Amino acid sequence: MGIILFLGLIDLNAAILLLGMAFGNEIPLILIIFTSVSLFLKACICLADIGSVSDLAVMVLFIVSIFTAVPAWILIIGAILIGVKGLQTFV
């Protein structure tokens, strides 16, 4: 049960970072890279699951946001999707 909660916290961390990026806060590059790698590793657990696909989509969103300015509404939608998935682990 503990590992499931840890994986849910990774999702919530990603949601918080996406919201911070959407509202113009400066996020350290190492934190974006660490979150992207952890989402990738989490997605590799089961690639056939829809949750893993959303992890990969948010990971791509993080990587794209390093190199270009992603519109805030896309970041907010990504934050909602991954945040709801993260909150479901606590229910």
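Model, not experiment: these values are computed from the prediction. (Residues numbered from 1 in each chain as written. Predicted model: local features only at pLDDT ≥ 70, side-chain atom pairs only at ≥ 80, totals over all residues. Heavy atoms only, no water.)

Visitor: How should the nonpolar core be read in this particular structure?
Guide: General note: in soluble globular proteins, nonpolar side chains tend to be found buried as a group. By size, the foremost hydrophobic cluster in this structure holds 18 residues, and its most contacted members are L18, L39, V58, F62, L75 and I82. Where this core is concerned, the elements lending two or more residues are α1 (2–22), α2 (29–43), α3 (50–67) and α4 (72–88). (Core = buried A, V, L, I, M, F, W, Y, C linked by side-chain atoms within 4.5 Å. Buried < 20%, exposed > 50% of the residue type's maximum accessible area, 1.4 Å probe, protein only. Helix = DSSP H or I, 4+ residues; strand = E, 2+ residues; numbered from the N terminus.)

Visitor: What am I meant to see in the environment of F40 here?
Guide: As for its placement among the helices and strands, F40 is situated in helix α2. The class for F40 is partly exposed, based on a relative accessible area of 39%. Between the alpha carbons of F40 and I80 there is a distance of 18 Å; along the sequence they are 40 residues apart. Other than its neighbours up to four places away in sequence, F40 contacts L56 and M59. (Contact = heavy atoms within 4.5 Å.)

Visitor: I'm lost on the state of the cysteines in this one. Help?
Guide: Covalent bonding between the sulfur atoms of two cysteines is what defines a disulfide. Under the definition given, this model contains 0 disulfides. Counting only cysteine sulfurs, C44 is the nearest neighbor of C46, a cysteine outside any disulfide, at a range of 11 Å. (Disulfide = S-S within 2.5 Å.)

Visitor: Just checking my understanding: could you explain the pattern of salt bridges for this structure?
Guide: Where side chains of opposite charge bring their charged atoms close, a pairing between them can arise. Inspection of the entire model under this criterion finds 4 salt bridges. Its salt-bridge partner being D11, residue K85 comes within 3.1 Å of it at the nearest N-O pair. Pair noted here: K85 is in helix α4 and D11 is in helix α1, with a separation of 74 residues, a long-range link. Residue classification places D11 among the buried residues on the basis of a relative accessible area of 2%. Between D55 and K85 there is a salt bridge; the shortest N-O distance is 2.9 Å. Remark: K85 occurs in helix α4 and D55 occurs in helix α3; sequence separation between them is 30 residues. (Salt bridge = Lys/Arg side-chain N within 4 Å of Asp/Glu carboxyl O.)

Visitor: What's the story with the environment of S65 in this structure? I'm lost.
Guide: Looking at the element boundaries, S65 is found in helix α3. In contact with S65, other than residues within four places in its own chain, are M21 and V70. Polar contacts involving the side chain of S65 include one to the main-chain carbonyl oxygen of F62, which spans 2.6 Å. (Polar contact = N/O pair within 3.5 Å; in protein donor to acceptor, adjacent residues only side chain to side chain.)

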